[in-house]
Amino acid sequence: MTVVAPDGRKSEGAAQVTDLTLAQKIAPTVIVDRARALDRIATIDRIFHQLTRGAAIAVLIILGGVIVSLIHGALPAIQTFGFGFLTSQAWNPVNDNFGAWPAIYGTVVTSMIAMLIAVPVGLGVATFLTELCPHPLRRPIGVAIELLAGIPSIIYGIWGLFVFAPFVQTHVQPALIAGFAGVPLLSSLFAGPPYGIGVLTASFILAIMVLPFIASISRDVFETTPPVLKEAATGIGCTTWEMMRYVVLPYSRAGVIGGVMLGLGRALGETMAVTFVIGNAHKVSPSLLAPGTTISATIANEFTEAVGDLYTSALIELGLILFVITFVVLAIARYMLMRLERMSA
Amino acid sequence: MRSKFLTRAVLTAAGLAVWANVASALDISGAGATFPYPIYAKWAETYKKETGNGLNYQSIGSGGGVKQIKARTVTFGASDQPQKIADLDAAGLTQWPQVIGGIVPVINLEGVAPGTLTLDGQTLARIFLGEIVSWDDAAIKKLNPKAKLAAAPIVVVHRADGSGTTFNFTNYLSKVSADWKTKVGENSAVEWPVGIGAKGNEGVANNVANTKGAIGYVEYAYAKQNKLTFTKLVNKEGKVVSPATESFQAAASAAKWEPAAGFYEILTDEPGAKTWPITAATFILLPKQPQDEAAAGEALRFFSWAFANGGKAAEELDYIPMPKAVVALIKKSWADVKGAGGKSLAP
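The sections below set out a description of the structure shown in this document.

## Digging into the pairing of strand 2 (residues 54-58) of chain B
- Across 5 bridges, strand 1 (residues 27-32) of chain B lies against strand 2 of chain B in parallel orientation. Bridge pairing in strand 2 of chain B places Asp27(B) opposite Gly54(B).

## Regarding the pairing of strand 4 (residues 93-107) of chain B
Residues and elements named next belong to chain B.
- Among the 15 residues that make up strand 4, 15 are buried, leaving the element largely enclosed by the rest of the structure.
- Bridging between strand 4 and strand 12 (residues 279-287) involves 9 bridges; their strand directions are antiparallel. Bridge assignment links Leu-93 to a residue of strand 12, and that residue is Pro-287.
- Note that strand 4 and strand 13 (residues 320-321) share 2 bridges and pair antiparallel.

## Focus on the packing of aromatic side chains
Residue and element names in this part refer to chain B.
- Evaluated as defined, the whole model comprises 31 aromatic pairs over all chains.
- Centroid distance Tyr-220 to Phe-230: 6.4 Å. Interplanar angle 75 degrees. Geometry classified as edge-to-face. Separated by 10 residues along the polypeptide, Tyr-220 in helix 10 (residues 220-225) and Phe-230 in strand 9 (residues 229-230) bring together distant segments of the chain.
- A residue is classified by how much of its surface remains accessible, and Tyr-220, at 11% relative accessible area, is buried.
- Aromatic side chains Phe-302 and Phe-303 sit 5.2 Å apart centroid to centroid with 70 degrees between the ring planes, which places their arrangement in the edge-to-face category. Judged on exposure class, the residue Phe-302 and its partner Phe-303 are both buried.
- Three or more aromatic residues link up through ring pairs in this structure, and these residues are Tyr-37, Tyr-40, Trp-43, Tyr-47, Tyr-57, Phe-76, Trp-96, Phe-302, Phe-303, Trp-305, Phe-307 and Trp-334.

## Things to note about unusual backbone geometry
- Look at Asn280(A): it is not a glycine, yet its phi comes out positive at around 50 degrees.
- Relative to the assigned elements, Asn280(A) resides in the loop between helix 11 (272-278) and helix 12 (295-302).
- Residues other than glycine seldom take positive phi values, yet Arg72(B) does so here, at roughly 60 degrees.
- By the secondary structure assignment, Arg72(B) is in the loop between helix 3 (62-70) and strand 3 (76-79).

Calculation notes
Counting from 1, residues in each chain are numbered in the order their sequence is written. Here chains are named by letter from A upward and ligands by number from 1 upward, in the order in which they appear as written. In keeping with the predicted nature of the model, local features appear solely for residues at pLDDT of at least 70, side-chain atom pairs appear and are counted solely at 80 or more, and the whole-chain, interface and lining totals rest on all residues. Side-chain calculation: all heavy atoms of the structure are included, whereas hydrogens and water are not. Pairing between strands requires that DSSP locate at least two bridges from one strand to the other. Secondary structure elements follow DSSP: runs of H or I of four or more residues count as helices, runs of E of two or more count as strands, with numbering from the N terminus. Burial classification: accessible surface area is computed with a 1.4 Å probe over protein chains only, and a residue below 20% of its type maximum counts as buried, one above 50% as exposed, and the rest as partly exposed. Stacked, edge-to-face and tilted are the three classes for Phe, Tyr and Trp ring pairs, Trp counted by its six-membered ring, which pair at centre distances within 6.5 Å; planes under 30 degrees apart are stacked, over 60 edge-to-face, the rest tilted.

Here it is, written out as structure tokens:
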């Protein structure tokens, strides 16, 4: 190693070279550059940190702003109707008397029926795709389901009104009415003239809309099950059903519940498709064939033409109620996931 | 359906094109009722070609139009529901009817051709109250002794959104049925006793077209363009009339237009042997002391031009121009629209 001394003489191994001496000797500028570079990196880091924190805080501010403005807008209706708003069936713009019960009932009932149909079918589709389907068919069917999720809801609405509702009116509803005519309870559930559109038709459309969410998410989480577990199950003589029931589903239940909740969230808030086929009548009817309404459909239909402060305020309070319902559903989902995690831990 | 869709698309595109290159020319803006939108857009297109001045009309609904003009965010507002003179004075607005249309009951009944079934006000009210539930009801049979009416359930279709059409329709039912007046009343939105709701004239038209046994009410233009089965009605003098230009015009002529009352006139259940009982005018609202005098003056010139030259275009789109005598009254009332110096802005 050759060391160049400050006086320019070369000495061979004469002096001990340390980092310090080296630095003093050759590179004061390099040191400064390095410090600057480090400074710059630290600054960029700080900016990035602030930006991400800002984004996170912005979400909270927006959420808070939405809640505050909803409550502020709903205040006249809350003061006028109190808690009676939640249970009243009135919806009378002529003498400014409003109640939310038909809309709440319609929102909850259509979503529940949609989930009753979509969850078993969606899980079935996912099971078929991961376990039973011949390999060449898996991709086409999987892509088809994802495409189903990408169709805008207005298309479902138009299809529902022009194609599905007339079919339901002429084929499905008369059969349901005739079939359950003598049966207690069920006869009142499927009573009345066949309108074609109504609560049941809206539930069917919602089921079709949330099906792809549940199916594709369930498929993805089913696939995360380690093959060794499935092979072990098959090895001890499990049928496909037993393997799904006792191995795959317990392993992936958190993901499946997440998919179901995502679907439920969409069903609760869905507006356009429901507006087209539910009938938009502010009535609670025991019959599922009768027209009804949902919170989001009511707001979408009536907000632009709501004349008078109380009318507008009642619609905003409906929005607030939907907000609360969605929040409660999410909270329940979180709680279920937490319990599952604790149980498995 | 398709032709109406195309007309609308073309008009919208034309409207956009007009809107896009008026930046330099005098620009007027309006907002309100959806019902007269096609004819306002058509007039705006022609007017732009003739004068170079454009109109940007947003069809946001009558309620929205009234709100916007009260907030003075547009040059003029448009509403299917006239404002009472007290409200007009409070908001410093003047009001006049611009064009007339008819509201017709439409049905979907197998074997019944357009314009062959007859209904009267009482029967219509009882159907919409849910008291008549089947098409072979004695009341309908009595009015149509020759028609073959099956025992099919009646599906009532009404508007789900607030609407000037609903206001005029419920106003008519309130006039002819005491029951309707006490149980439901008249408004742009009411608590419907029965039926399914649909958004907009086109929503009602589509629902009626798709639902067997349905009955609804739409503006005449929508019934005609969607080829729906409209009904005849029995008018105030007991005569059976068909919806047509003459019967709508008869209603407009029979009405007593009062400039002092802001032309507040609802053309339902008017007298006259030829009168269609559910006729409706659509109104323009303009501030009496506009902030932008140039735009307000231009708006008056536009409507004056429309009264003089827009009749044919209106009839092509199934609207009815205002009778000449009424137009003279309206133009006289424009003297109220004054600039800052107290000078009238009327053309």
